[in-house]
Amino acid sequence: MEQLGLGKHDREDPAPDHQASEVGREKRPKPEEEEDEPEYIPVAKRKEMRLQQIRGRASGAPIPLDEPAKEGGVQTLIDQHAVMMKQKEGKVEDVQAELAKEDDQILSELNDKARPLMSVAELAKGVRYTEPLKTSWRPPRWVMDLPEDAIRTVRNKFHIIVEGDNIPPPISRFKDFKLPAPILEVLKLKGIKQPTPIQMQGLSVALSGRDMIGVAFTGSGKTLVFVLPMVVQALEEERRLPIIQGEGPFGLILCPSTFDITKTFCDALAQQEQRQGQEDDEAHRILYPLGTGQVRCLLCMGGIQMRDQDDVLRRGPHIVVATPGRLIDMLKKRRFTLNFCKFVALDEADRMIDIRFEDEVRGIFDFFRHQRQTLLFSATMPKKVQEFAKESLVCPIVVNVGRAGAANLDVIQEVEYVKQEAKMMYLLNCLQKTAPPVLIFCENKSDVDDIHEYLLLKGVAAVGIHGSKDQSEREYAILEFKQGRKDVLVATDVASKGLDFPDIHHVINYDMPKEIENYVHRIGRTGRCGKTGVATTFINKTTPESVLLDLKYLLVEAKQTVPPVLRALPDETPGGGCPICGGLGHRAANCPKLLSQTLKSAPRREAEMNGTDY
Ligand SMILES: Nc1ncnc2c1ncn2[C@@H]1O[C@H](COP(=O)(O)OP(=O)(O)OP(=O)(O)O)[C@@H](O)[C@H]1O
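Residues numbered from 1 in each chain as written. Predicted model: local features only at pLDDT ≥ 70, side-chain atom pairs only at ≥ 80, totals over all residues.

1. Re the sheet that holds strand 11 (residues 462-465)
Line of reasoning, step 1. A sheet is described by the order of its strands in space; here 6 strands give the open sequence 9-14-13-10-12-11, paired in parallel fashion. A single partner strand is all that each edge strand has here, and the edge strands are strand 9 (411-417) and strand 11. Neighbouring strand axes in the sheet, compared pairwise and without regard to direction, differ in orientation by 15 degrees on average.
Line of reasoning, step 2. Pairing geometry for strand 11 and strand 12 (residues 488-492), over 4 bridges, is parallel. Within strand 12, the position partnered with A462 by the bridge is V488. (Pairing = 2+ DSSP bridges. Helix = DSSP H or I, 4+ residues; strand = E, 2+ residues; numbered from the N terminus. Axes fitted to C-alpha atoms, helices over the stretch in contact; angles between N-to-C directions.)

2. A word on the domain arrangement of the protein chain
Line of reasoning, step 1. In terms of domains, the protein chain is made up of domain 1 (16-75), domain 2 (114-128 + 136-281 + 291-401) and domain 3 (411-571).
Line of reasoning, step 2. Taken over C-alpha atoms, the centre of domain 2 sits 30 Å from the centre of domain 3.
Line of reasoning, step 3. On the side of domain 3, 11 residues touch domain 2, which itself brings 12 residues to the contact.
Line of reasoning, step 4. For the side of domain 2 that touches domain 3, a count of residues per class yields 4 nonpolar, 8 polar and no charged. (Domains from an automatic or database assignment. Contact = placed C-beta atoms within 7 Å. Nonpolar A, V, L, I, M, F, W, Y, C, P; charged D, E, K, R; others polar.)

3. Observations concerning the sheet that holds strand 6 (residues 343-346)
Line of reasoning, step 1. One open sheet holds the 8 strands; their spatial order is 1-8-2-7-6-3-5-4, and the pairing between them is mixed. On the outer flanks of this sheet lie strand 1 (160-163) and strand 4 (297-300), each paired with one strand and no other. When strand polarity is set aside, the average angle formed by the axes of neighbouring strands in this sheet is 15 degrees.
Line of reasoning, step 2. Bridging between strand 2 (residues 212-216) and strand 8 (residues 397-401) involves 5 bridges; their strand directions are parallel. Pairing of A216 across the sheet is with V401, part of strand 8.
Line of reasoning, step 3. Strands strand 2, strand 3 (251-254), strand 5 (319-322), strand 6 and strand 7 (373-378) of the sheet are contacted by helix 9 (residues 222-240), whose axis makes an angle of about 160 degrees with strand 3.

4. Comments concerning the environment of V295
Line of reasoning, step 1. Residue position: V295 is located in the loop between helix 11 (282-287) and strand 4.
Line of reasoning, step 2. On the basis of neighbour count, V295 is assigned to the buried category, with 30 C-beta atoms found within 10 Å.
Line of reasoning, step 3. Sequence separation between V295 and A234 is 61 residues, and the spatial gap between their C-alpha atoms is 6.6 Å.
Line of reasoning, step 4. Aside from chain neighbours lying at most four places away, what touches V295 is V231, A234, L235, E238, C266, L269, H318 and I319. (Buried ≥ 20, exposed ≤ 12 C-beta atoms within 10 Å, placed from the backbone.)

5. Brief notes about the UniProt feature "domain: DEAD-box RNA helicase Q" (unreviewed entry) in the protein chain
Line of reasoning, step 1. Following the UniProt record, one finds the feature "domain: DEAD-box RNA helicase Q" (unreviewed entry) at residues 172-200.
Line of reasoning, step 2. The annotated region residues 172-200 carries 45% helix and 0% strand content, and the separation between its end C-alpha atoms amounts to 5 Å. (UniProt positions renumbered as here; feature names shortened; annotations may be inferred.)

6. Looking at the environment of V488
Line of reasoning, step 1. Along the chain, V488 falls in strand 12.
Line of reasoning, step 2. As for V488 and K193, which are separated by 295 residues in sequence, their C-alpha atoms are 31 Å apart.
Line of reasoning, step 3. With residues up to four places along the chain from it excluded, the contact list for V488 reads L431, P436, V438, I440, L455, V460, A461 and A462.

7. Looking at the nonpolar core
Line of reasoning, step 1. Core analysis: the largest hydrophobic core is formed by 134 residues, its most contacted members being V231, I440 and L551.
Line of reasoning, step 2. The dominant element in this core, judged by the number of residues it contributes, is helix 9, at 10 residues.
Line of reasoning, step 3. The contact partners of V231, leaving out residues within four places of it in the chain, are I183, T262, F265, C266 and V295. (Core = buried A, V, L, I, M, F, W, Y, C linked by C-beta atoms within 7 Å.)

8. Here's the deal with unusual backbone geometry
Line of reasoning, step 1. With omega at 5 degrees, the peptide bond leading from G248 into P249 counts as cis.
Line of reasoning, step 2. Its location among the elements puts P249 in the loop between helix 9 and strand 3.
Line of reasoning, step 3. Residue P437 follows P436 across a cis peptide bond; omega there is 0 degrees.
Line of reasoning, step 4. Relative to the helices and strands, P437 is located in the loop between helix 17 (423-431) and strand 10 (438-442).
Line of reasoning, step 5. Of note in the backbone geometry, H159 takes a positive phi value of approximately 55 degrees without being a glycine.
Line of reasoning, step 6. Considering the arrangement of structural elements, one finds H159 in the loop between helix 6 (148-157) and strand 1.
Line of reasoning, step 7. By C-beta crowding, H159 is classed as exposed, having 11 other C-beta atoms within 10 Å.
Line of reasoning, step 8. A positive phi is found at C395, a non-glycine position, where the angle reads about 40 degrees.

9. Brief notes about helix 7 (residues 181-189)
Line of reasoning, step 1. P182, I183 and L187 are the residues of helix 7 that are buried. For helix 7, the angular spread of buried residues about the axis comes to 145 degrees, placing them on one side. Projecting away from the buried face of helix 7 at angles above 90 degrees are the exposed residues A181, K188 and L189.
Line of reasoning, step 2. Count one or two residues on from helix 7 and you reach G191, which has phi positive near 75 degrees. (Arc of directions from axis to C-beta.)

10. Quick look at the pairing of strand 3
Line of reasoning, step 1. Both faces of strand 3 are covered, namely the face carrying G251 and I253 and the face carrying L252 and L254.
Line of reasoning, step 2. In the sheet, strand 3 pairs with strand 5 via 4 bridges, with the strands oriented parallel. Across the sheet, the residue bridging to L252 is V320, located in strand 5.

11. Topic: the environment of P242
Line of reasoning, step 1. Examined against the element boundaries, P242 turns out to sit in the loop between helix 9 and strand 3.
Line of reasoning, step 2. What makes P242 partly exposed here is the crowd of 18 C-beta atoms within 10 Å.
Line of reasoning, step 3. Distance from P242 to L207, taken between C-alpha atoms, is 20 Å for residues 35 residues apart in sequence.

12. Here's the deal with helix 9
Line of reasoning, step 1. Over its 19 residues, helix 9 runs 28 Å from end to end, which matches the ideal 27 Å to within 8%, given 1.5 Å per residue.
Line of reasoning, step 2. With 16 of 19 residues buried, helix 9 lies mostly within the body of the structure. (Expected span 1.5 Å × (residues − 1).)

Here you go:
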């Protein structure tokens with residue numbers, strides 16, 4: 001394998017501090033002159049206090065906002081004592097049950113606040129759809145005739161877990177999904193021969209018209225599970241009654257990175273149509289007297305010139321692939337409507353529908369006029385968030401391949417303790433691990449700039465993206481990296497969201513993200529569809545202990561090497577994982593995601609109450 005071309009003089013080797021045993025616990029002695037001043041409460045401590053308040057609310061105990069936090073995982077000393085006694089008596093299950101109850105309380109409080117995926121009108125009128133939408137698709141007869149045992153064997157073999165009523169069987173060959181020939185050709189051209197487990201089960205569920213929650217690890221092929229049924233159903237609709245100006249879309253995908261693949265399938269169908277037209281295929285015209293058989297696809301995202309897509313807008317798009325913000329903007333301007341939209345797919349759905357339930361996503365559902373088939377996908381959708389999502393769907397089927405939030409097993413995860421000041425130089429060593437392309441993630445924009453500059457100085461072909469770069473800089477960087485002219489892309493999470501980079505060999509986390517879900521999504525940029533990738537994560541004493549615990553248990557679950565610094569952390573796995581973010585190292589009451597949401601929404605709630613802008 002080709003290595004990055006770094007000169008010998010560049011290979012400084014600041015040894016990472018493997019010896020460090022304490023993570024983030026260093027205390028500065030208090031200078032004497034400060035003694036009479038009011039005690040400074042560090043941000044971490046303040047956050048902890050805030051969490052305790054949330055916990056207090058969840059357990060029903062009214063705690064004033066300025067009351068200091070109580071230590072430990074229970075509310076009062078009496079409770080604490082009771083738990084300790086039970087532990088002493090060996091009633092660990094009781095303690096676990098109590099903690100699980102606490103998780104449930106917090107979650108139900110959150111779910112009460114969240115609004116389901118329905119329009120205001122539907123909610124106001126109490127509209128509840130009870131029957132799934134009908135499609136003409138059926139599994140082949142021989143598949144339908146398979147005994148339950150045979151179906152169960154297939155699911156077991158591929159670790160597919162399903163929940164719901166009347167679940168269609170999994171299908172293990174693309175040709176048995178009765179897909180149009182041009183679609184099968186595209187799959188073949190892309191080297192996609194056999195469906196992955198999520199595709200085997202998910203495609204038959206989605207093609208049958210059923211609402212679905214699909215959870216499978218990053219890179220497992222979820223995209224085709226919503227793109228193929230959407231294209232096929234749009235084609236069928238078009239052939240029955242063509243979409244004309246002012247109509248459409250038929251389907252909506254909230255995930256802009258899937259535009260290219262969706263368009264590839266649409267173009268393949270259009271080309272076949274053209275061929276058939278040229279051959280003056282009489283039989284074809286008799287079969288489909290009305291439809292053109294063309295499926296048009298529109299991309300709506302920031303920075304995209306709608307002028308370039310005028311033709312599609314004028315003729316009516318069948319499928320819109322969008323980011324929520326830009327979509328709302330287009331809907332408000334009435335460039336198109338969702339009056340005919342029957343199909344909606346949300347990728348990374350948990351981020352859109354849980355406590356983070358962004359106003360924009362909720363707003364989109366207000367534009368629907370009819371029942372639609374809803375497909376929700378994610379690599380990280382904890383069980384309890386799935387429960388909430390299910391309430392918004394019609395007789396949904398949940399398809400799980402592996403634990404929600406689990407890391408992709410094709411990624412070799414390496415975690416290294418590197419002192420803050422040594423990180424930049426140590427990057428060069430890390431870049432030697434694999435051939436390019438390499439993706440470096442940072443939490444801060446300034447780090448992106450610093451690393452970018454440093455790598456350029458060291459002769460590494462690197463580009464950088466973050467939220468403060470303008471559109472043309474961003475586009476240039478992405479294109480250079482995608483086309484292989486640059487070896488390294490340095491990015492923040494936000495800037496890289498929704499971008500699809502095939503064949504990344506190595507993901508480097510310059511810092512550990514605050515939420516373990518982000519970590520799972522970041523490292524999931526490599527190791528895609530069966531190929532092995534490497535992920536290196538830098539940690540040090542600035543990394544919060546709670547996320548280190550999540551990381552530790554994630555590594556254990558994925559059978560990866562756990563470095564000594566993580567092994568030294570307390571060994572008390574809290575059971576099935578946090579119901580809010582899926583992290584294995586903490587419970588709901590200590591969830592960093594819950595904390596960041598609470599802190600984020602506090603000013604908004606205050607602004608709403610005061611009637612001021614947020
Ligand atoms: N059945 C298949 N066989 C081989 N390759 C496939 C198959 N299905 C998809 N792929 C390829 O695998 C890669 C990952 O697929 P995809 O983007 O759908 O994963 P994903 O589960 O959506 O990941 P993420 O959660 O990160 O978005 C893509 O490059 C895709 O072309």
